[in-house]
Amino acid sequence: MPNSRYDKLTASQKEAVFHREGPLLVIAGPGSGKTRVITYRIAALIESGVSPHNICAITFTNKAAEEMRQRAISLGASGGAHISTFHSLCVRILRRYGADAGINPNFSIYDDSDQSGCMKQAIKDCELDTTNFSPARMLDAISALKNRLIDAETFEKEAEDFFSRMLAKIYIHYQGILTERNAMDFDDLLMKTATLLQNNSDVCRQLGERFRFLLVDEYQDTNHAQYRIARTIVSGHNNICVTGDPDQSIYRWRGADIRNILAFEKDWPDATVVRLEENFRSSANILKAADKLISFNRNRKEKKLIPVKPAGKDIAAAGFEDELEESEAVAREVKELIDEGTSPRDIAVFYRVNAMSRVLEEAFIKNKIPYQIVRGVEFYGRKEVRDMLAYLKVVVNPDDKTALLRIINNPARGIGKTTIDKISEYADSQKISFYEALKKASHIVSLSEATKAKQAVFISMIEQFKKDAGGKVAPLMERVFAESGLAESLKGEQNAIENVSEMISAAAQYDQQTEEPSLSDYLQQISLFSDVDSYDTNNERTALMTLHCAKGLEFENVFIVGVEEGLLPHEKTDTNDADDLEEERRLFFVGITRAKSSLHISYARYRTIRGQLMRTVPSQFLYELGIDFAEHSRQNNYSYDETDDAEITAPFAAGQLVRHKSFGTGVVKEFVDMGENSVVVVRFNTGQTKTLMVKYAGLSKMQDNAKGMH
DNA sequence: CATAGCCGCCTTTTT
DNA sequence: GGCGGCTATG
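Because the structure is a prediction, the values reported are computed rather than measured.

**A few points about the overall build of chain A**
Okay, so step 1: Within chain A one finds 29 helices and 23 strands.
Okay, so step 2: The globule rule puts the C-alpha radius of gyration for 710 residues at 27 Å, and the 28 Å found for chain A is close to it.
Okay, so step 3: With respect to the principal axes defined by its C-alpha atoms, chain A has extents near 80 × 70 × 55 Å.
Okay, so step 4: A buried classification covers 55% of the 710 residues belonging to chain A.
Okay, so step 5: Element-wise, carbon and sulfur atoms account for 49% of the exposed surface of chain A, whose accessible area totals about 31800 Å².

Here's what the structure looks like:
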């Protein structure tokens, strides 16, 4: 019998919570209590006699996993259920069951910058140049292949055109480098798990028996590999419950496939579908705007957003001269809210790209507002943090040449490029790893005795660390920091030293919380951790973050800045590709629907991008929201009203703002009227000036609210 | 082999 | 406007 704590759930929520066996799809709009439903469902399953051990819940971030764990415990579900991201689950599976597939459990996990290093090497090995084969593009392409579970050999067989054949060659080399270094990138974790489950029916059966109930949150943002993993795990019992909202899918660029959620009922024909359409979060006005915006997406399923809260405040819109004024106005408004008694943590500022945080940060400092910037991976990107991690990775996984090369002469110990090349050559000729070659350096004839001695010191240091690497992590880190010479080399750099201390205290916490702490496990876990996961919601600080980070969160007061063409939608998105544009619109939708009671939207008429002052154009999404920002363009302040759409008029006069499908936005410098063959001279924001024939250029006119630039 | 200084590159979003 | 990588110099 369900107890009284379920009383506050709505009928639909209850339906999802108490659904027992078989596939369940929960289509849940923003603010509909979806995460709550999952947590209650975990509690309800346990209450009905299911062992926590048999439940696996997948969340989108580590942070969400941590919160869900705590909430489940507070509901009386005594812990024991597996709650983690897909990536963490995969690490567990690969460590435990990977041996048969030839996986060494001490594998390193490579992040973006490690990957890019390996990719550059791979391109070089293929004797191709990085101008035609840019590492970033190659990595994107390979990531897409891995998400679709296509390995290098399979792809090579299919590759026909020149580009595909080159890509296949690079893919093979890149993967070779990772394998040689006993390393996996993020996509490998998923692909190798999916393949393992597919090829090893025994592992598959064991996991199916272990996880008799699988719950996947944010299902709209799963990729194909994740879908396969989920599908295989539940193949024996079909007890899968997924929740998600197609309108909040914002990770297509990373391989997320919205079709997973759209096709759920086809994949599991006997699925129960529950819709959660009531919104308990936002005021009716905010929802009205969100609904208006998202209705411009054509490739979607209609969904209602039913407000529970009253209309509330109007949405505040504002146009500013530049990003300095915008930031200053946001800071002042935030300050006012705080002075009126709002807690700083009930306020958040969202932007499209991380680079926009700097100017906001300065304004917040100036106005003495407590804030925290929630950033992707900044902490783990710091030099000193990477250096420390590289030492630890080498201790656990000596094959990790990426890490080894990073530390071998850092701090400087007289082992330079020439020496490294000689050792590399020796390693290749002897078919041994770089680390093994280093150990046998005394056999390398071409090296001087002095150099050999330096290497011996380095090797014996690492070997000593290895001996002491069992058990707790933090003490070893202290030793590594001191004895590697890193501490000495960072002397005077207080920030850097503090970052390392922060790492060590995090490790100490891990040591305490983990039954059997191990360095290998620790390194793998934190590789999957990002700064977003350490966002402290109990802190009395206003959060600044990207719109992507804002997913899954909610705030009383929300500010969205830089709502301009080129930023939102971002210039990198192909506005002719409806799917790309629709994803940007969803991103804005996600941002808007984070707000509970007040929402402030702004843009700047000029913005400095990469050190260059650019004239900007308000986002087309603002028109769609029905906000008449022209009204506010002369007053640099937020004002609260909503009127009809602004008009777009006038011919190609000098000063007219226009958009070109490949050059982007620009300003008309000159118009030569030659009837049908009229020519227009446009200076584009990219810096180039083009003379175009109107009839071919396909220019669209844009609203101009800016003052002249002279 | 180390260091400083310069050039040229890129720059969306993140597990 | 920031960083990595390269080069020239000590």
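Next, the rest of the story.
**Some points on the protein's contact with DNA strand B**
Okay, so step 1: Among the 26 residues in the neighbourhood of DNA strand B, the closest are listed as Arg352, Thr418, Thr419, Ser530 and Arg610.
Okay, so step 2: When the atoms of DNA strand B within 4 Å of the protein are sorted by group, sugar and phosphate make up 48%.
Okay, so step 3: Between DNA strand B and the protein, one listed contact pairs a phosphate oxygen with a side-chain N or O atom of Asn409 at 3.0 Å.
Okay, so step 4: One of the backbone nitrogen or oxygen atoms of Gly414 is found 2.9 Å away from a phosphate oxygen of DNA strand B.

**Looking at the pattern of salt bridges**
Okay, so step 1: Under the defined criterion, the tally for this structure stands at 41 salt bridges.
Okay, so step 2: By sharing partners, the salt bridges in this structure join Lys34, Asp217, Glu218, Asp221 and Lys551 into a single network.

**Focus on a negative patch on the surface**
Okay, so step 1: Side chains of Asp125, Glu127, Glu180, Glu425 and Asp428 sit close together on the surface and give a patch of like negative charge.
Okay, so step 2: Within the fold, Asp125 resides in helix 5 (residues 112-125).

**Digging into the packing of aromatic side chains**
Okay, so step 1: In the structure shown here, the tally under the stated rule is eleven aromatic pairs.
Okay, so step 2: Taking the centre distance of 5.0 Å and the plane angle of 50° together, the rings of Phe60 and Tyr251 count as tilted. With Phe60 in the loop between strand 2 (55-59) and helix 3 (62-74) and Tyr251 in the loop between strand 7 (240-244) and helix 12 (259-262), this residue pair connects regions lying 191 residues apart in the sequence.
Okay, so step 3: With centroids separated by 6.0 Å and ring planes inclined at 90°, the aromatic side chains of Tyr219 and Phe264 adopt a geometry described as edge-to-face. Highlighted residues: Tyr219 in the loop between strand 6 (213-216) and helix 11 (224-233) and Phe264 in helix 13 (residues 264-267), separated in sequence by 45 residues. Of the two residues, Tyr219 and Phe264, neither departs from the other in class, the shared state being buried.
Okay, so step 4: Sitting over the ring of Trp268, Arg231 keeps its end group 4.8 Å from the ring centre.

**Remarks on the packing of helix 4 (residues 86-97) against helix 11**
Okay, so step 1: It is at 11 Å that the axes of helix 4 and helix 11 come closest, and there the two elements cross at 60°. The angle between helix 4 and helix 11 falls in the class oblique. For the crossing formed where helix 4 meets helix 11, the hand is left-handed. Residues Phe86, His87, Leu89 and Cys90 of helix 4 lie in contact with helix 11, whose contacting residues are Gln226, Ile229, Ala230 and Ile233.

**Comments concerning the nonpolar core**
Okay, so step 1: Phe458, Ile462, Met477 and Leu519 are the most contacted members of the largest nonpolar core, which totals 51 residues.
Okay, so step 2: It is helix 18 (residues 383-396) that contributes the most residues to this core, nine residues altogether.
Okay, so step 3: Residues within four places of Phe458 in sequence aside, it is in contact with Leu404, Ile407, Ile408, Arg413, Ile415 and Leu438.

**Regarding the environment of Pro370**
Okay, so step 1: For Pro370, the position within the fold is in the loop between helix 16 (357-366) and strand 13 (371-374).
Okay, so step 2: Using a relative accessible area of 32% as the deciding quantity, one classes Pro370 as partly exposed.

**Considerations on the state of the cysteines**
Okay, so step 1: Taken as a whole and assessed by the stated rule, the structure comprises zero disulfides.
Okay, so step 2: Residue Cys56 stays outside any disulfide, its sulfur separated by 10 Å from that of Cys90, the closest cysteine.
Okay, so step 3: The exposure class of Cys56 is buried, given its relative accessible area of 0%.

**Considerations on the sheet that holds strand 8 (residues 272-276)**
Okay, so step 1: The sheet built from six strands is open, its strands ordered 3-2-6-7-1-8 with parallel pairing. Looking along the sheet, the strands with just one partner apiece sit at the ends: strand 3 (82-85) and strand 8. Between one strand axis and the next, the sheet turns through 15° on average, direction left out of account.
Okay, so step 2: The pairing of strand 1 (residues 24-28) with strand 8 spans five bridges and is parallel.

**Re unusual backbone geometry**
Okay, so step 1: The omega torsion across Leu568 and Pro569 is 5°, close enough to zero to call that bond cis.
Okay, so step 2: Take Pro569: it is sitting in the loop between strand 15 (555-560) and helix 27 (578-592).
Okay, so step 3: Not every positive phi belongs to a glycine, and Glu127 is a case in point at roughly 55°.
Okay, so step 4: Among the residues examined, Glu127 registers a relative accessible area of 73% and is labelled exposed.
Okay, so step 5: Phi angles above zero are rare outside glycine, and Leu149 is one such case at about 65°.
Okay, so step 6: Topologically, Leu149 is positioned in the loop between helix 6 (135-147) and helix 7 (152-158).
Okay, so step 7: Residue classification places Leu149 among the partly exposed positions, given a relative accessible area of 25%.

**Some remarks on empty space enclosed by the protein**
Okay, so step 1: Inspection of the entire model under this criterion finds two cavities of 30 Å³ or more.
Okay, so step 2: The calculated volume of the largest cavity comes to roughly 60 Å³.
Okay, so step 3: Together, Asn106, Phe107, Ser108, Ile109, Lys393, Val396, Asn397, Ser520, Leu523, Gln524 and Ser527 line the largest cavity.
Okay, so step 4: Looking at the lining of the largest cavity, the elements with two or more residues in it are strand 4 (108-110), helix 18 and helix 26 (519-527).
Okay, so step 5: A total of four residues in the lining of the largest cavity trace back to one element, the largest contributor, which is helix 26.
Okay, so step 6: Among the residues making up the lining of the largest cavity, the classes are represented as four nonpolar, six polar and one charged.

Rules used in this analysis
- Residues numbered from 1 in each chain as written.
- Chains lettered and ligands numbered in written order.
- Predicted model: local features only at pLDDT ≥ 70, side-chain atom pairs only at ≥ 80, totals over all residues.
- Heavy atoms only, no water.
- Helix = DSSP H or I, 4+ residues; strand = E, 2+ residues; numbered from the N terminus.
- Rg over C-alpha atoms; globule rule 2.2 N^0.38 Å.
- Buried < 20%, exposed > 50% of the residue type's maximum accessible area, 1.4 Å probe, protein only.
- Areas by Shrake-Rupley, 256 points an atom, 1.4 Å probe, with all protein chains shown as cover.
- Near = heavy atom within 4 Å.
- Polar contact = N/O pair within 3.5 Å; in protein donor to acceptor, adjacent residues only side chain to side chain.
- Salt bridge = Lys/Arg side-chain N within 4 Å of Asp/Glu carboxyl O.
- Patch = residues over 30% accessible without salt bridge, like charges linked within 9 Å, V, L, I, M, F, W, Y side chains within 5 Å.
- Lys, Arg positive; Asp, Glu negative; His and termini not counted.
- Charge placed at Lys NZ, Arg CZ, Asp CG, Glu CD.
- Phe/Tyr/Trp six-rings, centres within 6.5 Å; stacked < 30°, edge-to-face > 60°.
- Lys NZ or Arg CZ within 6 Å of the ring centre and 35° of its normal.
- Axes fitted to C-alpha atoms, helices over the stretch in contact; angles between N-to-C directions.
- Parallel < 35°, antiparallel > 145°, perpendicular 65-115°, else oblique.
- Left-handed = near helix turned anticlockwise from the far one by under 90°.
- Contact = heavy atoms within 4.5 Å.
- Core = buried A, V, L, I, M, F, W, Y, C linked by side-chain atoms within 4.5 Å.
- Disulfide = S-S within 2.5 Å.
- Pairing = 2+ DSSP bridges.
- 1 Å grid on protein atoms, 1.4 Å probe; cavity = no way out; pocket = protein on both sides within 12 Å on 5 of 7 lines; lining within 4 Å.
- Points joined across faces, edges and corners; volume = space filled by probe spheres on them.
- Nonpolar A, V, L, I, M, F, W, Y, C, P; charged D, E, K, R; others polar.

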